[in-house]
Structure formats: structure tokens, C-alpha cells
Amino acid sequence: MKPAILIVDDEKDTRELMARALGADYRVATAADAELALKALEADPSIALMLSDVRMPGADGLQLLKAAKKMRPNLACILLTAFGTVDQAVAAMKDGADDFIMKPVDLDQLDLRVAKALKTGALENEVASLRSQLDEKYCLENITGSSEAMKKVFHLVRQAAPTEATVLIEGPSGTGKELVAHAIHNLSARAKGPFVAVECAALNGNLLESELFGHEKGAFTDAFQRRIGRFEAANHGTIFLDEISEIPLSTQVKLLRVLETRSFERLGSSETIKTDIRIVAACNRDLRAYVAEGKFREDLFYRLNVVDIRLPALRERTGDIALLVKRFLNEFAAANGNRVTGITPSAMKMLESYAWPGNVRELRNTIEKMVVLSAGGVLDVADVPDEMRASAAIPMPISATGTLAEMEKAKIIAALQSVGNNRSKAARVLGISRRTLYRKLDEYAQEGTLP
Ligand SMILES: Nc1ncnc2c1ncn2[C@@H]1O[C@H](COP(=O)(O)OP(=O)(O)OP(=O)(O)O)[C@@H](O)[C@H]1O
Ligand SMILES: [Mg+2]
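The structure displayed is predicted, hence computed values, not measured ones.

## What to know about the packing of helix H13 (residues 321-336) against helix H15 (residues 359-373)
And then number 1: In the contact formed by H13 and H15, the axes pass within 9 Å of each other and the chain directions differ by 45°. The angle between H13 and H15 places the two elements in the oblique class. In terms of crossing hand, the pair formed by H13 and H15 is right-handed. Residues Ile321, Leu324, Val325, Phe328, Leu329, Glu331, Phe332, Ala333 and Asn336 of H13 touch H15, and the partners they reach there are Val360, Leu363, Arg364, Ile367, Glu368, Val371 and Val372.
And then number 2: When the residues that make up the contact of H13 with H15 are grouped by side-chain class, the tally is 12 nonpolar, 1 polar and 3 charged.

Next up, the structure:
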């Protein structure tokens, strides 16, 4: 079927001239003003392109463009401009016009420009539909992943978000805890309300309490003004308590009360304030261990842990790496306008074999660096930063058969050699902490078995 075009112009002659010119290749509808044009668009969803005059009685072409784009974001639009309205037409490109044509209309030009706008529009639609398919399957609110672990995360987020349940998100640094917290908020009935994040580790004692609960003027030495706390600021929204394990025991008691009764007092006040909040907490340590050590209240832990979402380290879901790499590549290539179009399989393999101690955050920063530093085209092994290259290059020494401990030692020594004995680099390459590496090296030194 031929593509359909809508021609909008208040001059009958112009309408008919263009309709005749385009009639051979397209199905053509016409409208004499903006109002009729919108009716036509509504009536015929197959219209793929609108050609509209700018200056018309009633709503002009620019207003029509905005209204039409609102109704049909994928509609291709070309504006027809007479002398004197060129500036407006250029400005209209921002509102979604694809092109403009000067009047009087050159019919050969018209044909070319229409074909071009339709082609761009069709491509964009195709990309958009591919993207949304991808979104549904491997993406939820910006969280990307196709591993079993991430599918479970998506499922839990979808289930928990619309409820009022308190959620505890656990996972190592850089695994996407904050991203998940945002997703829960955005997919809940509170999405239009505030999302308030509190970095619990950054504040100590009094400061944290005044941040959370607010204070009256004069509540403590530096309290010159009355201040609204985050629990009040988050009213009708979601409060995200990050690094919850770092809250002092004295504040934990107060937090427990907020969880149980949704009420609290500002510091220095006896007035009880009620607040309507959803609580999401995150922790990058093992919170149960904190409970066992007496550093975190058990009753608070159970109150927080109603829904427990765990984000595994990236090296435990290497299947997600390729998808994440592609996503970040697209993102940064678009942002930098530098024409990076892909990545070679061997470079990808290198990224997949690295341990990513900084998890998705480190992967994202790495891809950004690679894209920014690249001249364009397809990223290759040479574009991969040294650390990741060194890690892929560590061979498993042939002598390394035997016990697990012997193999581990051989790998550690090979790693050290591959980075010129730089211990911090070696630890990163191996995906272990520096402290662990030093401990291992101490052991080997004591055994007297270091080469
Ligand atoms: N699954 C994912 N898909 C896409 N981007 C992700 C994913 N996971 C993490 N990111 C990105 O990685 C970065 C770190 O994520 P985030 O801040 O949510 O981690 P975090 O777990 O809160 O880390 P920390 O414990 O250090 O606070 C962000 O830029 C985030 O957008
Ligand atoms: Mg975080």
C-alpha cells in the first residue's frame, strides 16, 4: 500500500497543485485548516507525513505541528514557508518538524523532500519499536540485564513496586541499587510524589538525625533555623535510605518507630508529625552479619527486610556484560556524537573476562572512556584499557596443576608479572581486594615459596 500524506493549506490552489504532484506515488488527503487537519489525522492513523503551511487563519502551522506531534509523536512533518516565516520554520525544527520547504513550491524538490522525510520517519519508527521490544525483555526502567539473576530482580521490582511494602536492596557497590530504588518509585502509585535519597554513611550522629527528622530553631548549638527533615520532605513519595548499615544504634531506635507508626518528632520539638512515605533501603554489606555482631537491631532488620532484592556482583552474571556494553556504547556514542558503531568480538571477550570489582559502575565508566578516546568506527582490542587487557592476558601457567591453592598462587604470581609487580593493579585484575592480595603474598613469603 502507498504511504499516506496529509496536505494542509488554506489556499485551495496550492493544496490541489501539491495533491496532484504527489498523487502518483502517495495516497493524499487534504485539509484547509489546522482543525480539519487534526480531525483527518485522528480519522486515518495510516497518515505517515503531514505537509503544512505555516501561515493560516485560525491556528497556524506551528500550533498545528505541536498538536499533531502530541497526538502522533511519530508523524513526519514538513512545513511550507513563505518569505518572512523562515525563522519560525527553523525554530519549528525544535518542536519536531523534519524539514521545511520554501513557497512557491518547486515540485521536484517537493517529491525528494517528502521521500526523504518518510524514509527517516520509517527508520525512526523501526528503531523505536526494536528498542521497546528490547525494553520489555531485557530492560526495566533503565535497568538492563538478561541473566537469571536480573530476571529475578525485574520480577521482584514489578511485584513489589505497586505495593506499599518496605524494600531492602542488597548488593556490592556499583551493582545498581540506586537504580532499582528509582525503578520501584517510578513504577509505584507514588511516582508523581518526591523521591528523596539519604546517604546515611555520609552523616554522623546528630547531623543524620537532624537530616532525617528535621529540627526546631535552637534544638542544638548550630540550629539557627527551623529545618524540615527528609521524612517530611518525602511526604507522599519514597524515601531511599542508602547504606543503612551505617546508621548508629541510637538512631536505629527512632527509625524503627518511623517504620512502625510513620510518625516522628523534629529535634527539639514534642509535636508528633505523621508522614505518608514508602521506605526503600540499601546496603552494600552483609546486614545479617551486622545483626549478628550487635551493630544493627534485629527488629529493625526484619521491618526493613519485607521484600529483599539482591543484586549479584557483575562477575557472577557475566552474561549481562555484552548487553550492558552495547547499551553504554549507544548511550555514550550518541552523547559524544563520535560515530562509534560497535565493538569487535575479541574486545568484547576481554571485557567479559575481566572481574569488574567496581561492577556496573566501573563497566559504564570504562565504556565512556573507550568511546571518548576512540576516533570512531568499531572499538577493538587496542581500545580496551590496560587493566582489562592484562586480566585477559594472564595465562594459566602450565605448571599450575595440582591443588586449588597451588593454582591460585600461580594465577596471582602471573597477574603480578603481567602488571609489572604493581600490587594495586594486580588486585584489580584478579578481582580481589588489596588486603586479600597482601595476605596471600605474606603467606607465600612465610612459606618461603615466592619465586
Ligand atoms: N543493570 C544496570 N543497567 C544499566 N545501568 C546500570 C545497571 N546497574 C548499574 N548501572 C549503572 O551503574 C552506575 C552505578 O549504579 P548505582 O549507583 O545504582 O549503584 P549502587 O549499587 O547504588 O552503588 P553504591 O553501593 O556504590 O552506591 C549507575 O550509573 C547506574 O546507572
Ligand atoms: Mg548507591
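## Considering the pattern of salt bridges
And then number 1: A complete count under the given rule lists 31 salt bridges for this structure.
And then number 2: Among the ionic pairs, Arg439 bridges to Glu443, the shortest N-O distance being 3.8 Å. On the criterion of helical spacing, the pair formed by Arg439 and Glu443 is a turn pair, its members being 4 residues apart in helix H19 (residues 434-447).
And then number 3: Judged by relative accessible area, Arg439 falls into the partly exposed class, the value being 45%.
And then number 4: It is possible to trace a salt-bridge network through shared partners that takes in Glu170, Arg288, Asp308 and Arg310.

## Here's the deal with the pairing of strand S15 (residues 278-283)
And then number 1: For S15, a buried count of 6 out of 6 residues is recorded, marking the element as mostly surrounded by other parts of the structure.
And then number 2: Residues Arg278, Val280 and Ala282 line one face of S15 and the alternating positions Ile279, Ala281 and Cys283 line the opposite face, and both faces are buried.
And then number 3: Sheet topology note: the strand S8 (residues 167-170)/S15 ladder contains 4 bridges and is parallel. Counted as the bridge partner of Ile169 is Ala282 from S15.
And then number 4: Relative to S15, strand S12 (residues 238-242) is paired through 4 bridges, and the arrangement is parallel. Across the sheet, residue Ile239 finds its bridge partner in S15, namely Ile279.

## Quick notes on the site of ligand 1
And then number 1: Taken together, the neighbourhood of ligand 1 is formed by 18 residues, with Thr144, Ser173, Gly174, Lys177 and Arg361 sitting nearest.
And then number 2: At 3.3 Å from an oxygen atom of ligand 1 is found a main-chain nitrogen or oxygen belonging to Thr175.
And then number 3: For ligand 1, the accessible surface in isolation is 630 Å², of which the surrounding protein chains cover 86%.
And then number 4: If you map ligand 1 onto the pockets, it falls in the largest pocket.
And then number 5: Of the residues that constitute the shell around ligand 1, the class distribution is 6 nonpolar, 7 polar and 5 charged.

## Here we look at the environment of Gly237
And then number 1: With respect to the helices and strands, Gly237 occurs in the loop between helix H9 (230-233) and S12.
And then number 2: Taking the C-alpha atoms as reference points, Gly237 and Lys192, 45 residues apart in sequence, are found 7.6 Å from one another.
And then number 3: The contacts of Gly237, once residues within four sequence positions are left out, are His185, Arg190, Gly193, Pro194, Asp276, Ile277 and Arg278.

## Some remarks on the nonpolar core
And then number 1: Counting 30 residues, the largest nonpolar core has Phe231, Leu241, Ile244 and Phe296 as the members making the most contacts within it.
And then number 2: Setting aside residues up to four positions removed in sequence, Ile244 forms contacts with Leu168, Leu255, Ala281, Ala282, Cys283, Leu287, Phe296 and Leu304.
And then number 3: Listed in part, the 25 residues of the second largest apolar core include Val325, Val340, Met350 and Val371.

## Looking at the domain arrangement of the chain
And then number 1: The assigned domain composition of the chain is domain 1 (4-132), domain 2 (141-312), domain 3 (315-393) and domain 4 (404-447).
And then number 2: Using C-alpha coordinates to define each centre, domain 3 is positioned 25 Å away from domain 4.
And then number 3: Each partner contributes residues to the interface: domain 3 has 8 residues there, and domain 4 has 6 residues.
And then number 4: Taken together, domain 3 and domain 4 are joined by 2 salt bridges.
And then number 5: Between Arg428 and Glu387 there is a salt bridge whose closest N-O contact spans 2.8 Å.
And then number 6: Our count for the contact surface shared by domain 3 and domain 4 stands at 2 residue pairs in polar contact (both at pLDDT 80 or more).
And then number 7: Residues of the side of domain 3 that touches domain 4, tallied by class, amount to 4 nonpolar, 1 polar and 3 charged.

## Points about the environment of Tyr26
And then number 1: By the element assignment, Tyr26 lies in the loop between helix H1 (12-23) and strand S2 (27-31).
And then number 2: Judged by its relative accessible area of 10%, Tyr26 falls in the buried class.
And then number 3: Those residues within four positions of Tyr26 in sequence are excluded, and the remaining contacts are Lys2, Pro3, Ile5, Asp111, Val114, Ala115 and Leu118.

Cut-offs applied
- Residues numbered from 1 in each chain as written.
- Chains lettered and ligands numbered in written order.
- Predicted model: local features only at pLDDT ≥ 70, side-chain atom pairs only at ≥ 80, totals over all residues.
- Heavy atoms only, no water.
- Axes fitted to C-alpha atoms, helices over the stretch in contact; angles between N-to-C directions.
- Helix = DSSP H or I, 4+ residues; strand = E, 2+ residues; numbered from the N terminus.
- Parallel < 35°, antiparallel > 145°, perpendicular 65-115°, else oblique.
- Left-handed = near helix turned anticlockwise from the far one by under 90°.
- Contact = heavy atoms within 4.5 Å.
- Nonpolar A, V, L, I, M, F, W, Y, C, P; charged D, E, K, R; others polar.
- Salt bridge = Lys/Arg side-chain N within 4 Å of Asp/Glu carboxyl O.
- Buried < 20%, exposed > 50% of the residue type's maximum accessible area, 1.4 Å probe, protein only.
- Pairing = 2+ DSSP bridges.
- Near = heavy atom within 4 Å.
- Polar contact = N/O pair within 3.5 Å; in protein donor to acceptor, adjacent residues only side chain to side chain.
- Areas by Shrake-Rupley, 256 points an atom, 1.4 Å probe, with all protein chains shown as cover.
- 1 Å grid on protein atoms, 1.4 Å probe; cavity = no way out; pocket = protein on both sides within 12 Å on 5 of 7 lines; lining within 4 Å.
- Sits in = over half its atoms within 2 Å of the grid points.
- Core = buried A, V, L, I, M, F, W, Y, C linked by side-chain atoms within 4.5 Å.
- Domains from an automatic or database assignment.

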